[in-house]
Amino acid sequence: MKPRLMTVNSADIQATVADLKEKIRAAREAKKALSDKLRAAQRELRHLKSEDDRRQEEALRQSLRK
Amino acid sequence: MILVFMSENPKTRETLPASEQSAETGRETAEPSLEDLQKELSGLERDFRDLKERFDQAQSEIGALREKLEGAEKQAAAEEPERTEGVEAGYPTASAETEMTLEERAEKILAVTDQALAETFPSREFKLLTTDGSSCNVYAGDDGLIYKVGVMKGRDEMYDIRALEKSKAMADRGNYMANEAAKLDYLAQRGLAPKLVKYVNSRAAVAKRPWYRKIFRRQPEMAALPVLIMEKADFDPQDFAEMSVEAREAEAERITGIMEKDGKWAPGDTEPVVDKKTGRIIFVDAGGWLDAKKRKLDIRREIRSILELER
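Keep in mind that this is a model prediction, so the values were computed, not measured. (Residues numbered from 1 in each chain as written. Chains lettered and ligands numbered in written order. Predicted model: local features only at pLDDT ≥ 70, side-chain atom pairs only at ≥ 80, totals over all residues.)

Caption draft 1: Spatial organisation of the overall build of chain B. Each helix and strand counted, chain B has ten helices and twelve strands in total. Taking all 311 residues of chain B together, 27% fall into the buried category. Expressed as a percentage of contacts within chain B between residues at least 6 apart in sequence, the contacts between residues at least 24 apart total 60%. (Helix = DSSP H or I, 4+ residues; strand = E, 2+ residues; numbered from the N terminus. Buried ≥ 20, exposed ≤ 12 C-beta atoms within 10 Å, placed from the backbone. Contact = placed C-beta atoms within 7 Å.)

Caption draft 2: Main features of the overall build of chain A. Helices and strands together make up the secondary structure of chain A, namely one helix and one strand. Each of the 66 residues in chain A was classed as buried or not, and the buried ones make up 2%.

Caption draft 3: Layout of unusual backbone geometry. For Lys296 of chain B, which is not glycine, the phi torsion reads 55° and is therefore positive. Among the secondary structure elements, Lys296 of chain B is positioned in the loop between strand 12 (289–291) and helix 10 (299–306).

Caption draft 4: Highlighting the pairing of strand 4 (residues 136–141) of chain B. Residues and elements named next belong to chain B. In this sheet, strand 4 lies alongside strand 3 (residues 126–130) in antiparallel orientation, the contact comprising four bridges. Note on strand 4: the bridge partner recorded for Leu128 is Tyr139. Adjacent in sequence and paired antiparallel, strand 3 and strand 4 are bridged by five residues. Looking at chain direction, strand 4 and strand 5 (residues 145–150) are connected through five bridges and run antiparallel. (Pairing = 2+ DSSP bridges.)

Caption draft 5: Helix 10 of chain B, seen in detail. Residues and elements named next belong to chain B. Along helix 10, the residues that are buried comprise Ile299, Glu302, Ile303, Arg304 and Ile306. Elements in contact with the buried residues of helix 10: helix 9 (245–262), strand 9 (265–267) and strand 10 (272–274). A positive backbone phi angle near 55° is found at Glu308, which sits one or two residues after helix 10.

Caption draft 6: Seen up close, the sheet that holds strand 7 (residues 221–223) of chain B. All names here are of chain B. Pairing in this open sheet of six strands is mixed, and the strands run 3-4-5-8-6-7 from one edge to the other. At either end of the open sheet lies a strand with only one pairing partner, and these are strand 3 and strand 7. Taking each pair of neighbouring strands and ignoring which way they run, the sheet shows an average axis angle of 30°. Across the sheet, helix 3 (residues 102–120) lies against strand 3, strand 4, strand 5, strand 6 (196–202), strand 7 and strand 8 (227–231), angled at about 120° from strand 5, the strand it touches most. (Axes fitted to C-alpha atoms, helices over the stretch in contact; angles between N-to-C directions.)

Caption draft 7: Summary view of the nonpolar core. Residues and elements named next belong to chain B. By size, the foremost hydrophobic cluster in this structure holds 52 residues, and its most contacted members are Ala116, Val149, Leu164 and Leu225. Mapped onto the domain boundaries, this core takes at least three residues apiece from domain 1 (85–231) and domain 2 (237–306). Not counting the four nearest positions on each side in its chain, Ala116 is found in contact with Val149, Ile161, Ala223, Ala224 and Leu225. (Core = buried A, V, L, I, M, F, W, Y, C linked by C-beta atoms within 7 Å. Domains from an automatic or database assignment.)

Caption draft 8: Region of interest: the confidence of the model for chain B. All names here are of chain B. Across chain B, pLDDT averages 81, with 79% of residues at or above 70. Confidence drops under pLDDT 50 across residues 1–28; counting only partners more than four residues distant or on other chains, this segment forms 42 contacts. In this model, residues 82–90 is a region of pLDDT below 50 whose contacts with residues beyond four sequence positions or in other chains number 14 contacts. Taken over the whole predicted complex, pTM reads 0.66, whereas the ipTM for its chain interfaces reads 0.82. (pLDDT = per-residue confidence, 0-100.)

Below is the structure:
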């Protein structure tokens, strides 16, 4: 189908586009910051889980020795 | 005024200003439509909500685990108020010098690992890379290799190398690191870790009993503190953060294929990074890989989890 050419008031569209682009930029930044925080939290969680496992094994070994 | 083309596609596409049109073709380059931008924003907001949910869940698990570990620590301290070999022997320890700040304690531990390296490799020079490890300090040698020196941190920390080298804690640390060296060797042979060059066990571990031979079947070398020597991995910590979901999916499949063959190990407290040479994921802390059979771990699931993919 042949495209239909029409004109619209650019000021409103440009303002909306600029507003959306700004919101997208802010949302991307917020997402990246939260991803970094989540990654750090997951690292800490893995570390704590491993420490917990190590202590449980140690406790088991101690109880077997007694 | 700007030009807008309407076609069978209901999306409204605005054109770029003439100044932004392609100079090569002179043709207009379509910008995202309002609808595209709104969709992208909704997608980002949805991703944020998902991340927030996962973050809150992780925070809640961290809180519960911290409470559990601190409770166990307080209970152990109450049961053994006079503990630590160092106190009995008159050596300075963390519990004997509680007035020290964290920085002062880190400095004292660093002096111990510096001394261990100087004694074990007198002709080498070293540059400190990090003291962040929970049980080691990491150095770069002038031979281009990485030296990971095992030491005690936290409740059992001691600041006298002569006391440390005789302690039961250092025997345990040496054998823990022998295990880590064996895992590193295993992973390196499969292209999943930097190559292990040598492992020098702690004298205390070797003197205790030779069960480390079952783990690490090489002629044992000994030193005051255990030292794991490996090749340097070339990576930028940010590369993994920026890896696409598709690339991580592909890597998860590749790594699962390798690790499920033997079914021995699953990743636990370890760090995935992107090797700059190959663009593939490797792991720089092998000590955190766990016995999959003993702990009944689903290798695929754990690999997906560590690569931050939906399970």
